[in-house]
Amino acid sequence: MLPTFDPTDTEAGSRILEDITSNAGHIQEQVLEEILTKNASTDYLKGFLNGHSDKGLFKNKVPVVDYEDIKIYIDRIALDGEPSRILTNESITELLKSSGTSGGKQKWIPKTAEEGERRAFICCLRDTVLNRYLQGLSDGKALLFVLINPDIHTPGGLVLRTASESEIKNRKDRYPQFILCEDTNQSLYSQLLCGLVQRDAIVSVGTFFASGLLRIIKFFEEHWQEMSSNIRTGQISAWITDPNCKRAVSLILSKQMPDLADSIDLVCQEKSWEGIIKKIWPRTKYVLATITGSMAQYIPALEFYTGGLPVVSSLYGSSEAFFGINMKPLCSPYDVSYTFIPNMAYYEFLPIDNHQDPNCTNRKDAHLKDHIVDLANVKIGQHYELLVTTFTGLYRYRMEDILLVTGFHNSTPQFKFVQRTNVVLSIHTDKTTEQDLQKAVAIAMQILQPLGFFLLDYSSYADTSSIPGHYVLFWELQLRPNDDTPELDQVKMEKCCSLVEQSLDQKYKWLRNQSISAIGPLEIRVVKQGTFNVLMDFYVSQGTSLNQYKTPKNIKSEKAIVILDSRVVGKFYSREVPNQDS
Ligand code: AMP
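Residues numbered from 1 in each chain as written. Predicted model: local features only at pLDDT ≥ 70, side-chain atom pairs only at ≥ 80, totals over all residues. Heavy atoms only, no water.

Caption draft 1: Just the overall build of the chain, in detail. The helix and strand tally for the chain stands at 18 helices and 22 strands. Whereas a compact globule of 582 residues would reach a radius of gyration of roughly 25 Å, the chain reaches 24 Å, a difference of no more than 12%. Dimensions of the chain, computed from C-alpha atoms along their principal axes, come out at roughly 70 × 70 × 45 Å. Evaluated residue by residue, the chain yields a buried proportion of 58% over its 582 residues. In the structure as shown, the chain presents an accessible area of about 23600 Å², 51% of it carried by carbon and sulfur atoms. Averaging the coordinates of the 61 positive side-chain charges in the chain and doing the same for the 70 negative ones gives two points 1 Å apart. (Helix = DSSP H or I, 4+ residues; strand = E, 2+ residues; numbered from the N terminus. Rg over C-alpha atoms; globule rule 2.2 N^0.38 Å. Buried < 20%, exposed > 50% of the residue type's maximum accessible area, 1.4 Å probe, protein only. Areas by Shrake-Rupley, 256 points an atom, 1.4 Å probe, with all protein chains shown as cover. Lys, Arg positive; Asp, Glu negative; His and termini not counted. Charge placed at Lys NZ, Arg CZ, Asp CG, Glu CD.)

Caption draft 2: Molecular detail of helix H8 (residues 184-197). Across its 14 residues, H8 extends 20 Å between first and last C-alpha, which sits within 8% of the 20 Å expected from 1.5 Å per residue. For H8, the buried fraction is high: 12 of the 14 residues fall into the buried class. By the burial criterion, the buried members of H8 are Gln186, Ser187, Leu188, Tyr189, Ser190, Gln191, Leu192, Leu193, Cys194, Gly195, Leu196 and Val197. (Expected span 1.5 Å × (residues − 1).)

Caption draft 3: Region of the structure containing the side chain of lysine 107. With respect to the secondary-structure elements, lysine 107 resides in strand S2 (residues 107-112). Setting aside anything within four residues of it in sequence, one finds lysine 107 in contact with Tyr67, Leu96, Lys97, Ser98, Glu320, Tyr397, Glu400 and Arg420. (Contact = heavy atoms within 4.5 Å.)

Caption draft 4: Geometry of the packing of H8 against helix H10 (residues 243-252). At a minimum axis separation of 10 Å, H8 and H10 run at an interaxial angle of 10°. In terms of orientation, H8 and H10 fall into the roughly parallel class. Contact residues: H8 offers Gln186, Ser187, Ser190, Leu193, Cys194 and Val197, while H10 offers Cys245, Ala248, Val249 and Ile252. When grouped by side-chain class, the residues that make up the contact of H8 with H10 number 7 nonpolar, 3 polar and no charged. (Axes fitted to C-alpha atoms, helices over the stretch in contact; angles between N-to-C directions. Parallel < 35°, antiparallel > 145°, perpendicular 65-115°, else oblique. Nonpolar A, V, L, I, M, F, W, Y, C, P; charged D, E, K, R; others polar.)

Caption draft 5: The pairing of strand S19 (residues 453-463), seen in detail. In terms of burial, S19 is a largely internal element, 10 of the 11 residues being buried. When S19 meets strand S20 (residues 470-479), the two strands line up antiparallel, connected through 10 bridges. Within S20, the residue paired with aspartate 457 across the bridge is glutamate 476. Between S19 and the antiparallel strand that follows it, S20, lie 6 residues. (Pairing = 2+ DSSP bridges.)

Caption draft 6: Quick look at the sheet that holds strand S15 (residues 397-409). Reading across the sheet, the 8 strands line up as S9-S10-S11-S16-S15-S14-S12-S13 and stay open at both edges, with antiparallel pairing between neighbours. Each of the sheet's edge strands pairs with one partner strand only, and the pair in question is strand S9 (315-317) and strand S13 (373-374). Bridge count between strand S12 (residues 346-352) and S13: 2 bridges; the pairing is antiparallel. Paired with glutamate 348 across the bridge in S13 is aspartate 374. Of the strands in this sheet, S9 and strand S10 (322-325) are in contact with helix H6 (residues 113-133), which crosses S10 at around 10°.

Caption draft 7: How the structure looks around the site of the ligand. Looking at the ligand, there are 19 residues lining it, with Ser99, Thr292, Ser319, Asp401 and Gln548 nearest. Between the ligand and leucine 315, the relevant distance is 2.9 Å, taken from a nitrogen atom to a main-chain nitrogen or oxygen of the residue. In the environment of the ligand, an oxygen atom lies 2.8 Å from a nitrogen or oxygen atom belonging to the side chain of serine 319. For the ligand, whose accessible area on its own is 500 Å², the fraction buried by protein is 95%. When residues of the shell around the ligand are traced back to their parent elements, those giving at least two are S9, S15 and strand S16 (412-420). With 3 residues, the top contributor of residues to the shell around the ligand is S9. (Near = heavy atom within 4 Å. Polar contact = N/O pair within 3.5 Å; in protein donor to acceptor, adjacent residues only side chain to side chain.)

Caption draft 8: Main features of the environment of glutamine 191. Topologically, glutamine 191 is positioned in helix H8. Along the chain, glutamine 191 and methionine 327 lie 136 residues apart, while their C-alpha atoms are 29 Å from each other. Apart from the residues within four sequence positions on either side, glutamine 191 is in contact with Leu143, Leu144, Phe145, Val146, Leu147 and Ile179.

Caption draft 9: Examining the nonpolar core more closely. Counting residues in each nonpolar core, the largest one holds 71 residues, and the members touching the most others are Phe220, Ile231, Ile280, Trp281 and Leu302. Per element, the largest residue contribution to this core is 10 residues, and it comes from helix H9 (residues 210-233). For this core, the domains that each give at least three residues are domain 2 (138-284) and domain 3 (423-573). Sequence-distant contacts of leucine 302, defined by excluding residues within four places in its chain, comprise Ala210, Leu213, Leu214, Ile217, Ala289, Ile291 and Val311. One finds Leu32, Ile74, Ile109 and Phe121 within the second-largest nonpolar core, a separate group that totals 67 residues. (Core = buried A, V, L, I, M, F, W, Y, C linked by side-chain atoms within 4.5 Å. Domains from an automatic or database assignment.)

Caption draft 10: Quick peek at the packing of H9 against helix H17 (residues 531-541). Two elements in contact, H9 and H17, have axes whose closest approach is 11 Å; the angle formed by their N-to-C orientations is 115°. Relative to H17, the element H9 lies roughly perpendicular. In the packing of H9 onto H17, the handedness of the crossing is left-handed. Within the contact between the two elements, H9 uses Ser211, Arg215 and Lys218 and H17 uses Asn533, Met536 and Asp537. (Left-handed = near helix turned anticlockwise from the far one by under 90°.)

Caption draft 11: Quick peek at the pattern of salt bridges. Evaluation of the coordinates by the stated rule reveals 29 salt bridges. Residues aspartate 151 and arginine 161 are paired through a salt bridge, measuring 2.9 Å at the closest nitrogen-oxygen approach. A residue pair is termed long-range when its members are at least 10 positions apart, and aspartate 151 in the loop between strand S3 (141-144) and strand S4 (152-153) and arginine 161 in strand S5 (residues 159-161) qualify at 10 residues. Taking the relative accessible area as the measure of exposure, aspartate 151 reaches 31% and is therefore partly exposed. When its relative accessible area of 10% is taken as the criterion, arginine 161 is described as buried. (Salt bridge = Lys/Arg side-chain N within 4 Å of Asp/Glu carboxyl O.)

This is the structure in structure tokens:
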């Protein structure tokens with residue numbers, strides 16, 4: 001049974017946090033025991049453990065799996081309506097649509113009411129830490145943007161939602177002021193409008209991921225005049241017809257507020273929107289948005305808008321389970337580590353050599369189990385792939401996330417999120433990972449940054465329509481102050497292409513070498529402003545939630561490539577063969 005506490009009581013919360021992080025190894029053993037005792041009789045575990053709940057047997061017999069291995073069990077529950085006990089003896093009440101992160105494939109993950117309690121507990125711990133570092137949060141309001149989609153039901157009768165929707169819809173009582181509207185535009189408009197009217201009460205602004213927050217700022221840029229006019233007249237625009245939106249807005253916008261409208265106009269009319277969040281919501285103490293892992297690319301763009309406010313990545317979690325919290329919320333976005341909370345699930349770790357391509361860990365290797373270490377035995381400085389065993393029916397399940405151990409809080413390890421295990425680009429025998437690409441792009445951007453450019457977003461694909469194939473990167477650049485069509489210098493852009501190549505690994509450079517020429521010169525296609533928002537809208541229209549959206553770094557959908565290609569304003573190729581000696 002997890003303790004309950006009020007997160008504003010920072011003393012009580014801190015005591016619980018210190019206690020559980022001082023006993024991580026012991027708690028993990030208890031968690032595994034509980035999971036096995038509870039679920040030993042499930043079809044899945046019976047197949048390996050024959051009804052036993054012995055921990056040693058579990059470590060010996062239960063295989064490491066990925067989603068594809070267990071999909072057949074999930075489909076039986078989701079599609080055929082078979083009972084939860086195939087996987088878990090908790091009762092599965094929902095399936096969570098995992099974004100599948102940048103790979104773009106969606107997964108359906110079981111969720112139970114008890115799992116909801118565990119997630120609520122970790123969120124309380126997270127809030128305790130925030131309250132400890134940022135005093136006075138309860139004296140104001142949080143402007144937290146949430147978007148929901150209509151519920152879908154599987155043929156087996158289960159509700160299919162995203163993890164964030166599940167949290168919000170199941171806990172409406174905790175969030176009475178949320179505007180729950182399934183129309184994204186009406187919802188965002190109304191949430192922003194409410195945030196503007198209550199400008200002086202707002203002490204934090206945020207959403208789930210940094211990419212989502214940038215999309216919301218763009219939306220604000222497109223609609224602020226109309227919002228200001230609504231505030232001036234005290235009337236919401238006629239196109240807002242959703243009853244939830246109308247009701248929420250009418251509660252706070254009931255009279256003409258010309259002075260407030262004037263003050264908003266003054267800020268928004270400025271040529272540059274640098275620091276807009278701080279200017280519009282002057283009491284804001286922090287911006288909440290995950291900015292680690294693949295979101296790190298948005299740090300410069302977000303910092304441009306936040307006006308020096310701390311951007312807080314507070315939680316590392318997924319549809320499968322919630323894992324850890326950031327104990328130093330005000331640290332630099334580049335230094336964030338997450339302290340694992342040992343009562344959420346049973347964690348194991350597959351070591352990855354620092355220089356090894358994560359895909360080399362043969363996914364079906366029968367000896368994989370021999371290398372696994374548990375939470376108490378990870379080593380500082382070592383990279384691991386996370387495996388999770390949950391109460392909800394996942395056993396030694398590969399999260400496909402790579403983490404680096406950066407330290408310990410009491411006896412509990414802290415991890416930096418490094419990357420997904422997936423390869424984003426591959427031609428011939430080259431395999432370029434998301435992290436390789438991100439690093440190379442960041443190095444190349446050093447050419448453009450002094451000119452005032454920042455990279456709003458990027459993606460890539462391997463173009464094999466000609467021989468040799470080559471990698472194509474799509475870049476959306478922004479110039480500060482805002483300029484719709486920034487001039488691009490041909491020589492500098494070509495240098496960016498070369499620098500990306502030069503920053504990729506030896507294998508790539510070797511394959512690019514003229515004598516072998518297995519890969520052609522890398523190409524950067526610069527797209528016009530707003531393109532990645534159109535791409536996001538496309539994926540959202542295909543069922544991805546805006547709350548959880550992460551720009552796919554390897555575009556596989558032909559329709560998505562057409563969207564990007566139709567907005568290209570400049571194409572540049574590398575003019576140098578990368579030097580293999582560096
Ligand atoms: P989803 O299942 O759609 O919620 O996506 C979960 C995935 O998002 C995780 O497996 C990670 O790859 C990524 N993710 C979640 N939280 C963070 C975080 N704090 N930092 C970096 N990546 C994260």
